Structure formats: structure tokens, C-alpha cells
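# Breakdown of the fold
Residue-level listing of the chains:
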Amino acid sequence: MFLAVNILYLLICLFISFLIHNFIKNKKLTISLFLFLVFVPFWDLILQKGVINYYEAFLMQPKVYSYPQKDDNGKIESLAAVSLFANSSSDCLSKIEKFEKLKKQFPINTVLEIFLEDPTKQKFNNKFGYTRINLDENDISYQQINDESEFISRYQILAEEKDFFVYKTINVKIWDDRKNILLGEGLKLEIPLKNNSFRNKYLFWEKKNKEENIYTSDNYGLLFKKIFGFNFNT
């Protein structure tokens, strides 16, 4: 069905082009009209491909301006991140073994402020929220905070999302809050699939699109690795 419908669409485009050609008598304009009719259902895909090529060619290298201070053991003082980069289950603090793994994963001396999901409340769609974890204590110690405005960590990962209709970007900046120094900048490009277009409804491209993943590309991992020396992935 998919192949038959798309061949039929090409024939319709060809018929309309030849019909218009009888009036304009211009071969170049006729060919241009045919190509326009063929590709108009795919205008967003063409635009997105152009966006992808541009971002990957010019904008996907992370920018590093400075580096955090580390102690003799290679640890930074404290770190905070917006929920977009720190989603994790509060189950990671339920056992001392997981807590020790968390401390080993992130070489941080005192405080880690991240966004935790509470698995016991997931069925109610209720999240645990922003959490301040005290890493300098032997026992598990953490407290809930309202949002990133209450961060007290020296190094903070903050993000801003921008929507450009056919795609969106998430810009992340890493700050030394004590010195008010910008350490680095990263970027994520995300292109969601559009399921309510002529292409999907009449040309049956929706099924084909569902078999593909939403395109995403980011340089966060490289940025965090360059600045902190570890991947920020809880």
C-alpha cells in the first residue's frame, strides 16, 4: 500500500505539471513545479536534514573556557545539575553499596545536588524532586529542595531549552558559582517526528517514521569529560 500510494502521488504530480505546462509553455518552470509538488510533503524532513548537517559541521564541538579546582585526590568541591541531566531513582540511596558506588562514580567532596525520582511514587506520577546529597558523611544523608534556585554547590550545570518548531536545542552551561566563571558550554539537538502531516496521513509515512528513532545529537558527554574528568550520568 505504501509503495502504491506514493507512486500514485508521483503520477498526480506529473499530471498537474503537464497540465500547467500547456499554459506556461516553459520546460524549466514545468520541471521546477514537478519537483516542488514531489518534495512539498517532505519539506520538514529536508529542512531538518539541513539543520542536522549545519549543527554537526559547525556547532557540536563543546566549548571549554576554564577548569574546576580539584584537591590532591582529584575531587571537586561540590556539583549540582538541573533535572534534565540528573534524572535518577532515589533507590540509588536506599543501600549503602549503591551510595558508595555513587560516591566513587562522582569524585566530589561534599555535596551532589541532582533530581531524583521516587520509585515508590511512580504509579501516582509523583516525583521525589531535587535532592541535596551529603557525600562527606558516612551515613546516607539527603534533603529535598524546591528547584535549582536553591543550589548551593560551587559547580552548577544549568540548561536552557529553545524550540524552533521543527527542532529544538538544549543549551547547557557549566558555572563556577563561587567565582562566577563560565567553565564551558554544550548543546543538544533534538528533532521530534511530526505525525499529523499530509505525508503521514495520505502517503502512509507514519508507520515508516515510527520505525525510526527521534534524531538527537549532543556533546554533553565530551563536555563533562573534558571539564570534570567523568561522565555525568546517574
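Below is a short write-up of the structure. (Residues numbered from 1 in each chain as written. Predicted model: local features only at pLDDT ≥ 70, side-chain atom pairs only at ≥ 80, totals over all residues. Heavy atoms only, no water.)

### Regarding a nonpolar patch on the surface
Note the following rule: Grouping into patches uses exposed residues only, defined as over 30% relative accessible area, and leaves out salt-bridged ones; the cut-off is 9 Å for like charges and 5 Å for nonpolar side chains (Val, Leu, Ile, Met, Phe, Trp, Tyr). Using a 1.4 Å probe, accessible areas were evaluated by the Shrake-Rupley method; residue-level cover was limited to the displayed protein chains. Each salt bridge in this description consists of a side-chain nitrogen of Lys or Arg and a carboxyl oxygen of Asp or Glu lying within 4 Å of one another. Put simply, DSSP marks the helices as runs of H or I at least four residues long and the strands as runs of E at least two long, and each gets a number from the N terminus on.
Residues Leu 8, Ile 12, Phe 15, Ile 16, Leu 19, Ile 20, Phe 23, Ile 24 and Leu 29 make up a contiguous nonpolar surface patch of about 860 Å² in total accessible area. Looking at which element gives the most residues to the nonpolar patch, the answer is helix α1 (residues 2-24), with eight residues. The residue Leu 29 is located in helix α2 (residues 27-39) in this model.

### Some details on the environment of Ile 145
Rules: Here's how the labels work: a residue is buried when its accessible area is under 20% of the maximum for its type, exposed when over 50%, partly exposed in between, all with a 1.4 Å probe on protein chains only. Contacts: residue pairs with any heavy atoms within 4.5 Å of one another.
By the secondary structure assignment, Ile 145 is in the loop between β6 (142-144) and β7 (155-163). What makes Ile 145 buried here is its relative accessible area of 5%. In this structure, Ile 145 is in contact with Glu 113, Tyr 130, Thr 131, Arg 132, Glu 150 and Phe 151, ignoring residues within four places of it in sequence.

### Some points on the packing of aromatic side chains
Any two aromatic rings considered together are summarised by their centre-to-centre distance and by the angle between their planes. Convention followed: Pairing of aromatic rings covers Phe, Tyr and the six-membered ring of Trp, with a centre-to-centre limit of 6.5 Å; geometry is then stacked below 30 degrees between planes, edge-to-face above 60, and tilted otherwise.
In the structure shown here, the tally under the stated rule is twelve aromatic pairs. Plain terms: the ring middles of Phe 106 and Phe 230 are 5.6 Å apart, the flat faces sit at 80 degrees to each other, and that makes the pair edge-to-face. Note that Phe 106 is positioned in the loop between α4 (96-105) and β4 (108-117) and Phe 230 in the segment after α7 (220-228), a separation of 124 residues in sequence. Per residue, the accessibility class of Phe 106 equals that of Phe 230, and both read buried. Arranged with centres 6.4 Å apart and planes meeting at 75 degrees, the rings of Tyr 155 and Phe 228 form a pair that is edge-to-face. Of this pair, Tyr 155 sits in strand β7 while Phe 228 sits in helix α7, and the two are 73 residues apart along the sequence. In this pair, the class of Tyr 155 matches that of Phe 228, namely buried. Through a chain of ring-to-ring contacts, the aromatic side chains of Tyr 54, Tyr 55, Phe 58, Phe 164 and Tyr 167 assemble into a single cluster.

### Side note on α2
Counted only if it meets this: A helix is expected to span 1.5 Å multiplied by its residue count minus one. Our arc is simply the arc of the directions from the helix axis toward the C-beta atoms.
End to end, α2 covers 18 Å across 13 residues, agreeing with the expected 18 Å (1.5 Å per residue, within 8%). Taken together, the buried positions of α2 are Thr 30, Leu 37 and Val 38. Burial along α2 is one-sided: seen end-on, the buried residues are contained in an arc of 100 degrees. Residues Lys 28 and Phe 36 are exposed on α2 and point more than 90 degrees away from its buried face. In this fold, the buried residues of α2 make contact with α1.

### Some thoughts on the pattern of salt bridges
A full pass over the atoms with the stated rule returns eight salt bridges. With its nearest N and O atoms 3.5 Å apart, the salt bridge here joins Glu 190 to Lys 168. Of the two residues, Glu 190 sits in strand β9 (residues 181-191) while Lys 168 sits in strand β8 (residues 168-176), which places them 22 residues apart along the sequence.

### Focus: the environment of Val 166
One can find Val 166 in the loop between β7 and β8. Using a relative accessible area of 4% as the deciding quantity, one classes Val 166 as buried. Sequence separation of Val 166 and Leu 47 is 119 residues, and the distance between their C-alpha atoms is 8.2 Å.

### So, the nonpolar core
Just so we agree on the cut-off: For this analysis, a nonpolar core means a set of buried residues of the types Ala, Val, Leu, Ile, Met, Phe, Trp, Tyr and Cys, connected via side-chain atoms within 4.5 Å.
Residues Leu 79, Phe 85, Leu 112, Ile 157, Ile 174, Phe 228 and Phe 232 are the most contacted members of the largest nonpolar core, which totals 31 residues. When residues of this core are traced back to their parent elements, those giving at least two are β2 (76-81), β4, β5 (129-134), β7, β8 and α7. Counting residues in each nonpolar core, the second largest holds nine residues, with Val 51, Tyr 55, Val 166 and Leu 187 among its members.

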